[in-house]
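Residue-level listing of the chains:
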Amino acid sequence: MDKNSRLSLTAFTLNGQMVEVDAPPGERLSHSLRERLGARDVKIGCNAGDCGACTVLVDGAPLCACLMATQQAMGKVVETVSGLAADDPDAKALADSFQAHQAAQCGICTPGMMVSAVALLRDSPQPDATQVADALSGVLCRCTGYRKIIDAVVAAHIPGLEAPADGSVGSPIPRIDGAAKIAGAERFGDDIAPPDALVLRVIRAPHDHADFTFGDLSGFARSHGLATILTAQDVPGRNRFGVIPGFEDQPVFAEGRARFRGEAVAALIGPAEAVTALDMTVLPITWAALPAAMTCDAAMAALPLHPDRGETNEMCRGFVQCGHAESALAEADVVAKGLFETGFVEHAYIEPEAGFAEVHDRQVVVHACTQAPGMDREALAAILAQPLDQIRIVPTAVGGGFGSKLDLSVQPFLALAALKTRRAVRIAYGRVESMQSSTKRHPARMQVKIGARKDGRLSGMAFDGDFNTGAYASWGPTVSNRVPIHASGPYRISDYRAKARGIYTNGPPAGAFRGFGVPQAAIAQESLFDDLAAQLGMDPLEFRILNALDNDTPTVTGQVFEGGVGIKVCLEALRPAWQAAHAESGRTGDPAIRRGVGVAAGWYGCGNTSLPNPSTIKAGIRPDGTIVLHQGAMDIGQGANTVIAQIFAQAMGVTMADLTLIGGDTQVTPDAGKTSASRQTFVSGNAAKLSGETLRAQLLALVNAGPEAQIVVSDGQISITDGGQMHMPDLRALPVDGEGYSLAASETYDPPTLPLDENGQGSPYAQFGYAAHLAVVDVDTRLGTVTPVRLVAAHDVGRAINPLLVEGQVHGGVAQGLGMALMEEYIPGRTENLHDYLIPTIGDVPPIETLIIEEPDPHGPFGAKGLGEHALIPTAPAILNAISRATGVRIRQVPATPARVRAALKEAGYA
């Protein structure tokens, strides 16, 4: 028996150590590495060889571990990023370069990037950008836009990396959590479950709309070795959740009817081997497909999906009106109008949803990737019918979110399963499951009309948009309310009317995705601005500058900002690049390829729309002099951990190295609010600033020091120098609170806003951020392909708390905007993986120049503004305008795929 067992083992060298694995035939090497050998630095993003996150070196060659059977590794040398980071000189040089260039954001793709880059550096110690792009082409990244990764690999062996800055506000310091991401030590949702955890698998609807009935689930569970099967009957509280009060309409488990493909109807829980072996074709469930309404027009002609919410499928609407739009349009000298359409867009974060839950005493503890631990806790309290103090959310690292991980995903399933089985329970969605069940960007159908006078001044705008919110509300109400405020763009329009409707359909729920509907509206508005400029014979950039908002100028909601309106400065910053690009516009060396340059602008209100939006940041000093910052603003790759710490340290007057950070655990850290709507630098940053100032004041008061005193932390001792005298406060002599702090501060900031009236007039946001992008593209008129050549992005961030992180956010947003413009379109049942659903690869993103504009905001911490959404909004319309200027053809439906572009070119008379 022992001999046979030994013969079944697969032996290979893993990071310098001989290992043996008893894996069944055909088991993926990625699974064996993670689950049998504990190599959790190998990440799983797709299990199909599409994303490259699981890349390892096998005898020195980079391979996707998910495509290799464990038995194929017999006798070979396997290297993962953790082993390379510990011992390999190329990896160590590369790690330093990754940090210096902000080449790791969320970190989920970083192990695959690092491993692939090490293989290249071993062969080519000083590669050029083309070699790097080729070597890393098999690894997808959704955060960085790739250009920083290319720069980091090119520079890995080039001496002269700048020493890190001191960490003060304005310093381009590397992200403080970057080293762990680069070494593969960061723990994501699927990295932390105990070995004996039960496994949960969700049963999902295979139809867009269907009724269903269950057979003998209990018998099925017993006969297949399962611990239990959960359905709607097992939800002790409210079998509904949502993110907007009054719109909690999505069931944890559907009750007899599924309204979209991928909707959860049950969950199977059992030992890993039992769940893995299940034949899902014999599950006792019967489906009866129903007619499905997939578009807004079809849904408005169909029976209501939610009869309890109204007689039609209109979910809600938003409205803004000032002046008299129709009269102004009638009197305009020129008018541009058009119908614009966008489709579902998938977030495509490389980390699928994952986590585990367990019960400690009477408290259910959920560990999961999330953008909003406080919201998760409140939603679970209603679902579980449990008080808040019996629910604890411990966020893991988040491998990309972009809005979708604001909504509940795995959390209720895990909590229910842990409570019922009293065992630890884990889950990790597969890529198809993630894409079927997660929220999407809202498809939009927008009818827009804009007028202008002969002098170029805008004269009237009317916007009517229908937004497909899918089967459930999610963030649809926010989109409907935000779009009419933003559809004007950052321009002065005295006569304006905008209406947006959210419509229920049988599509997947559409939720938050970097912009909440504003990117869709910007495509229509900025495209028509180019058409207006052409009718007037005006330069498109100068047309925008002429009409740009400025300080003391009312927005379409009547809000007036006395300072910080930076859109005109952003547009003016593009002038040199705009003029240079015109010199190369038109034909290229190939007569069939035409080059064009386009420009577009965008704005985005930071935080909730006319609603409370508080963040709380807590800090304390222990008797031994340790300064602890409780930082609950979830870092999903954007750099909140670093930026919030920089703001706090500056306010307190200490260095970044003096701080110990505790993350967003709801048991020990106050709620800093959700990571969304570009709010964390602004809102949580202000809370951190207040907390730092309060703690500083307490500390100085101990020695009666003045406000200009200097604080120094050295070897656990805090000293205060004031007026040439040094004081050493005795922290150990002070009483400590329940958390062990001698001094503590907890401060809250809530942006000042005002509600909107019936015409959408009011002050919905305390601040806006502003951006203007320029795109140069080549259009192959024979094939319809569009190749971006370069992009220039000017962003007003108020004050760049960390310019390195600003550039990273801009690059990532530009790449996602490029994808939205040219390739990304989610179609239920057809594009449910990263092979059929295309996102930009390292070869698709051209060089990006970032122009950082600093027009200080009166409300921002040290003048800072939010950034995340703004980085994406102008990219797609700039690309579409470049296509139009290259060919004379206006694309009104995105993505502008080769087929769509070629069809438009043929219609315009191109051969």
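Predicted, not measured: the structure shown is a model, and the values here were computed from it. (Residues numbered from 1 in each chain as written. Predicted model: local features only at pLDDT ≥ 70, side-chain atom pairs only at ≥ 80, totals over all residues. Heavy atoms only, no water.)

**Considerations on the overall build of the protein chain**
Looking only at helices and strands, the protein chain has 25 helices and 34 strands in total. Computed over C-alpha atoms, the radius of gyration of the protein chain comes to 28 Å, within 12% of the 29 Å expected from 2.2 N^0.38 for 911 residues, which places it in the range of a compact globule. For the C-alpha atoms alone, the extent of the protein chain along its principal axes is close to 90 × 80 × 60 Å. Within the span of the protein chain, comprising 911 residues, buried residues form 63% of the whole. Considering only residue pairs separated by 6 or more positions, the protein chain has 77% of its internal contacts joining residues 24 or more positions apart. Of the roughly 31,700 Å² of accessible surface on the protein chain, 50% is carried by carbon and sulfur atoms. Both charge centroids of the protein chain, one from 73 positive and one from 98 negative side chains, sit 5 Å from each other. (Helix = DSSP H or I, 4+ residues; strand = E, 2+ residues; numbered from the N terminus. Rg over C-alpha atoms; globule rule 2.2 N^0.38 Å. Buried < 20%, exposed > 50% of the residue type's maximum accessible area, 1.4 Å probe, protein only. Contact = heavy atoms within 4.5 Å. Areas by Shrake-Rupley, 256 points an atom, 1.4 Å probe, with all protein chains shown as cover. Lys, Arg positive; Asp, Glu negative; His and termini not counted. Charge placed at Lys NZ, Arg CZ, Asp CG, Glu CD.)

**Overview of the side chain of Q363**
Mapped onto the elements, Q363 comes out in strand β16 (residues 363-368). Exposure remark for Q363: the relative accessible area of 14% places this residue in the buried category. Within polar-contact distance, the side chain of Q363 engages the backbone oxygen of D389 at 3.1 Å. A polar side-chain atom of Q363 sits 3.1 Å from a polar atom in the side chain of Q667. Every residue in contact with Q363, bar those within four places of it in the chain, is listed here: E358, D389, Q390, I391, R392 and Q667. (Polar contact = N/O pair within 3.5 Å; in protein donor to acceptor, adjacent residues only side chain to side chain.)

**What to know about the packing of aromatic side chains**
Counted under the stated rule, the structure contains 12 aromatic pairs. Measuring from ring centre to ring centre gives 5.4 Å for F212 and F214, while their planes differ by 65°; the resulting arrangement is edge-to-face. The partly exposed category is assigned to F214, whose relative accessible area is 31%. With a centroid separation of 4.6 Å and an interplanar angle of 55°, the aromatic rings of Y491 and F529 are classed as tilted. Taken together, the positions of Y491 in the loop between α16 (476-486) and β22 (496-504) and F529 in helix α17 (residues 518-536) put the pair 38 residues apart, joining distant regions of the chain. Classification of F529 as buried rests on a relative accessible area of 0%. Sitting over the face of the ring of Y429, R204 holds its NZ or CZ atom 5.0 Å from the ring centroid. Across the ring face of F862, the terminal group of K689 is positioned such that the distance to the ring centre comes to 5.3 Å. (Phe/Tyr/Trp six-rings, centres within 6.5 Å; stacked < 30°, edge-to-face > 60°. Lys NZ or Arg CZ within 6 Å of the ring centre and 35° of its normal.)

**Quick notes on the pairing of strand β29 (residues 717-722)**
Judged from the 5 bridges that link them, strand β28 (residues 710-714) and β29 form a sheet pairing that is antiparallel. Bridged to V712 within β29 is S719. Linking β28 back to β29 in an antiparallel pair, the connection comprises 2 residues, with D715 at a positive phi of about 55°. In this structure, β29 lies alongside strand β30 (residues 725-727), joined through 3 bridges in antiparallel fashion. In the sheet register, I720 faces β30, and the bridge partner there is H727. Linking β29 back to β30 in an antiparallel pair, the connection comprises 2 residues, with G723 at a positive phi of about 60°. (Pairing = 2+ DSSP bridges.)

**Regarding the state of the cysteines**
If you walk through the whole model with that rule in mind, you get 0 disulfides. C51 forms no disulfide, and the closest cysteine sulfur to it belongs to C46, at a distance of 3.7 Å. Judged by relative accessible area, C51 falls into the buried class, the value being 2%. With no disulfide partner, C54 has as its closest neighbouring cysteine sulfur the one in C66, 3.7 Å distant. (Disulfide = S-S within 2.5 Å.)

**Brief notes about unusual backbone geometry**
The omega torsion of the bond from V894 to P895 falls at 5°, within 30 degrees of zero and hence cis. Mapped onto the elements of the fold, P895 is located in the loop between α24 (875-887) and α25 (898-907). Phi angles above zero are rare outside glycine, and N704 is one such case at about 60°. By the secondary structure assignment, N704 is in the loop between α22 (680-702) and β28. Its relative accessible area of 71% is what places N704 among the exposed residues. In this model, D715 sits at a positive phi of 55°, which is unusual for a non-glycine residue. Note that D715 resides in the loop between β28 and β29. Accessibility expressed as a relative area gives 80% for D715, which makes it exposed.

**Here we look at helix α23 (residues 803-822)**
Taking 1.5 Å per residue as the helical rise, α23 with its 20 residues ought to reach 28 Å, and the 29 Å between its terminal C-alpha atoms agrees with that figure. Counting buried residues in α23 gives 18 out of 20 residues, a clear majority hidden from the surface. Backbone nitrogen of L804 and a side-chain oxygen of the N-cap are separated by 3.0 Å at the start of α23; the cap is N802. (Expected span 1.5 Å × (residues − 1).)

**So, the environment of R175**
Take R175: it is sitting in the loop between α7 (147-154) and α8 (178-182). Judged by its relative accessible area of 1%, R175 falls in the buried class. In the structure, R175 is positioned 73 residues away from Q102 in sequence and 7.3 Å away in space, judged by C-alpha atoms. In this view, R175 contacts Q99, Q102, A104, Q105, K181, D635, G637, Q638, G639, T642 and L805; residues no more than four positions away in its chain are not counted. At 2.8 Å, the side chain of R175 forms a polar contact with the side chain of D177.

**Examining helix α14 (residues 411-421)**
Two residues of an α-helix separated by three or four positions point the same way, owing to the 3.6 residues in each turn. Here α14 lies mainly inside the structure; 10 of its 11 residues are buried. Buried residues of α14: Q411, P412, F413, L414, A415, L416, A417, A418, L419 and T421, and no others.

**Considerations on the nonpolar core**
Ranked by internal contacts, the top residues of the largest apolar core, which has 165 residues, are F98, V153, F463 and I883. Judged by nonpolar contacts, the second largest core, of 43 residues, contains A645, F682, V703 and A745. (Core = buried A, V, L, I, M, F, W, Y, C linked by side-chain atoms within 4.5 Å.)

**Some remarks on the pairing of strand β1 (residues 10-14)**
Among the 5 residues that make up β1, 5 are buried, leaving the element largely enclosed by the rest of the structure. The side-chain alternation of β1 yields two buried faces, one formed by T10, F12 and L14 and the other by A11 and T13. Across 5 bridges, β1 lies against strand β2 (residues 17-21) in antiparallel orientation. In the sheet register, T10 faces β2, and the bridge partner there is V21. Between the antiparallel neighbours β1 and β2 lie 2 residues, among them N15 with a positive phi of about 50°. By the bridge criterion, 2 bridges tie β1 to strand β5 (residues 77-79) in an arrangement that is parallel. Opposite T13, over in β5, you have V77 as the bridge partner.

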